[in-house]
Amino acid sequence: MTGTFDIATARQRFPALKEAQVYLDNAGGSQVLGDVIDSITEYYTKNNVQLGASYRVSQASTSKYGEGYKAAARYINASTDEIVLGASTTQLFVNLAGALKFNEGDEIIISKLDHETNIDPWLLMADRLKLKVKWWVSEKPELKLTPENLKPLLSPKVKFVACTHVSNILGTIHDVKAIANVVHEAGALFCVDGVSFAPHRQVDVKAFGVDFYAFSWYKVYAPHLAILYASTSAQEYIKPYAHYFNPTKTLEDKIGLAGSNYECSQSLPVVVSYLDGAFDAIGEHEEKLQKILLDFLNSRNDVIIYGSTSSDSTVRVPTISFTVDGTNSRKIVEEAEKISNFGFRWGHFYSKRLCDEVLGLGPEGVTRVSMVHYNTEEEIHSLVELLKKILP
Ligand SMILES: Cc1ncc(COP(=O)(O)O)c(C=O)c1O
């Protein structure tokens, strides 16, 4: 239903948004759609049994769980055999890292602009399989991963490349399709962390041309659950964890271990239906939101914005991090909390290598304001007024 998504109505569908708190830490976790909450309550009330038995309720629960998988796969343009749902993106990458097969001496490339979730599992994998690790960096002020700055690291020895679609600090959108092309020309597999992209734009793993892609539903208006995609051809590199008597056909069979959270998995059709055709309107609205904050931050010469300073929605998402000369990020948040209901935060947000080694920041890291489509222009105008009061 392209074109019918209404931002103002959308906001009414989130019970939490009736509270006084202004939610600006959405890159940490979003609010949950009311219909998703109802769906989980109903599941617990009517369907809370073990799946796979022949009695009526178990048949209904099995079917609901299957519908969750189907909706999630359809949503990212994958087949159900190519996805697994799990506790978190970190957990799913760790599962994948323990199951991938490479040869001793093969090389992998990891980006320093990433959240530790898309770094540490691959370091563990390199340790287990005796692989050589190469680091991919883009320095200030560009801070953007591109085919051009990746190419010098690629060679026939490289078998795996991992990077983020959007950094949870920088907000800049990487052209993963263009990067996938050069990774594949070099004969390697490409793994993308889509956690900070998925709440803002449509995920389409086939259009992106990636081999592995993951994001966390709990940042996409749904409950605490994540999804990992692995293309059918990339699954040939996976050694399944499945019990010896169980099938190993699908990605869920291979690395899903004991099954995904039932009540959360079965709620996914609700959020998928909510987001159907929504992203044009979401991109347009988010551009307005980020412009308000970026115009203010750009107008001050004592502020450094990390990531793109453009408010163009094709360039960035509204996850905006900055530092201010003469004050630290923690103090800004503490002062804001004394006089307002605004919830945003300071720190490294687990992108610690980025903050320490690339941005050269101290322990307080950045101040991060992360908006999503249910935030209003009024909220961001008020945030700017608040910042005017508390910044030096
Ligand atoms: C960019 C990014 N990747 C990965 C993660 C980790 O996600 P999860 O908590 O599902 O493991 C986060 C969480 O904040 C994130 O922002």
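Residues numbered from 1 in each chain as written. Predicted model: local features only at pLDDT ≥ 70, side-chain atom pairs only at ≥ 80, totals over all residues.

Participant: Would you mind going over the overall build of the chain in detail, with residue names and values included?
Facilitator: Scanning the chain for helices and strands turns up 15 helices and 13 strands. Expected size for 392 residues packed as a compact globule is a radius of gyration near 21 Å; at 21 Å, the chain falls within 12% of this value. When its C-alpha atoms are laid out on the principal axes, the chain stretches across 65 × 55 × 35 Å. A total of 392 residues make up the chain; the buried ones form 48% of that total. (Helix = DSSP H or I, 4+ residues; strand = E, 2+ residues; numbered from the N terminus. Rg over C-alpha atoms; globule rule 2.2 N^0.38 Å. Buried ≥ 20, exposed ≤ 12 C-beta atoms within 10 Å, placed from the backbone.)

Participant: Report on the domain arrangement of the chain, specifying residues and quantitative values.
Facilitator: Considered domain by domain, the chain is made up of domain 1 (7-33 + 277-390) and domain 2 (39-274). The straight-line distance from the C-alpha centre of domain 1 to that of domain 2 is 26 Å. Across the contact, 34 residues belong to domain 1 and 34 residues belong to domain 2. Those elements that place two or more of their residues in the side of domain 1 that touches domain 2 are helix H12 (279-298), strand S10 (319-324), helix H14 (352-358) and strand S13 (366-370). Across the side of domain 1 that touches domain 2, the residue classes break down as 18 nonpolar, 10 polar and 6 charged. (Domains from an automatic or database assignment. Contact = placed C-beta atoms within 7 Å. Nonpolar A, V, L, I, M, F, W, Y, C, P; charged D, E, K, R; others polar.)

Participant: Please give an account of the environment of Leu154 that cites residues and values.
Facilitator: Relative to the helices and strands, Leu154 is located in the loop between helix H6 (147-150) and strand S5 (158-164). Residue Leu154 is classed as buried on the basis of its 20 C-beta neighbours within 10 Å. Taking the C-alpha atoms as reference, Leu154 lies 20 Å from Pro121; in sequence the two are 33 residues apart. Apart from the residues lying within four places of it in its own chain, the contact partners of Leu154 are Val182 and Ala186.

Participant: For the sheet that holds strand S9 (residues 303-306), give the residues involved together with the corresponding values.
Facilitator: Ordered by their spatial adjacency, 4 strands build an open sheet running S9-S10-S13-S12, and the pairing between neighbours is antiparallel. Each edge of the open sheet is held by one strand with a lone partner, namely S9 and strand S12 (345-347). Neighbour to neighbour, the strand axes of the sheet diverge by 35° on average, direction disregarded. As paired strands, S9 and S10 are joined by 4 bridges and run antiparallel to one another. Residue pairing for S10: Ile304 is matched across the bridge by Thr323. In the packing of H12 onto the sheet, the strands contacted are S9, S10 and S13, and the crossing angle to S10 comes to about 15°. Packed onto the sheet, helix H13 (residues 329-339) meets S10, S12 and S13 and runs at close to 165° relative to S12. (Pairing = 2+ DSSP bridges. Axes fitted to C-alpha atoms, helices over the stretch in contact; angles between N-to-C directions.)

Participant: Give a description of the pairing of strand S6 (residues 189-193) that names residues and reports values.
Facilitator: Of all 5 residues in S6, 5 are buried, a share of seventy percent or more. Direction of pairing for S5 relative to S6: parallel, over a ladder of 5 bridges. Residue pairing for S6: Phe160 is matched across the bridge by Leu189. With helix H7 (residues 176-185) bridging S5 and the parallel S6, this β-α-β connection has right-handed handedness. Bridge count for S6 against strand S7 (residues 212-216) is 3 bridges, and the pairing is parallel. (Right-handed = clockwise from strand over helix to strand, strands pointing away.)

Participant: Now, about the nonpolar core: what can you tell me, with residues and values included?
Facilitator: Membership of the largest hydrophobic core comes to 115 residues, with the highest contact counts inside it found for Ile83, Phe212, Ala222, Ile227, Leu228, Tyr229 and Val271. There are two domains that each give this core at least three residues, and those are domain 1 (7-33 + 277-390) and domain 2 (39-274). Once residues within four sequence positions are removed from consideration, Ile83 is found in contact with Tyr69, Ala72, Ala73, Ala78, Ile227, Leu228, Tyr229 and Leu251. (Core = buried A, V, L, I, M, F, W, Y, C linked by C-beta atoms within 7 Å.)

Participant: Break down the pairing of strand S8 (residues 226-230) for me, with residues and values.
Facilitator: With 5 of 5 residues buried, S8 lies mostly within the body of the structure. Of the two faces of S8, both are covered, the one formed by Ala226, Leu228 and Ala230 as well as the one formed by Ile227 and Tyr229. Where strand S2 (residues 83-86) meets S8, 4 bridges bridge the pair, whose relative direction is antiparallel. Directly across from Gly86, in S8, lies its bridge partner Ala226. Taken together, the 5 bridges between S7 and S8 define a ladder with antiparallel strand orientation.

Participant: Residues and numbers for the sheet that holds S8, please.
Facilitator: Strand order in this open sheet of 7 strands is S2-S8-S7-S6-S5-S3-S4, and the pairing throughout is mixed. Here the strands that pair on one side only, and so sit at the sheet edges, are S2 and strand S4 (132-136). Each strand of the sheet is rotated relative to its neighbour by a mean of 15°, with strand direction disregarded. Each of S2, S6, S7 and S8 touches helix H4 (residues 89-99); the most contacted strand, S7, lies at about 155° to it. With respect to the sheet, helix H5 (residues 120-129) is in contact with strand S3 (107-111), S4 and S5, its orientation differing from that of S3 by roughly 160°.

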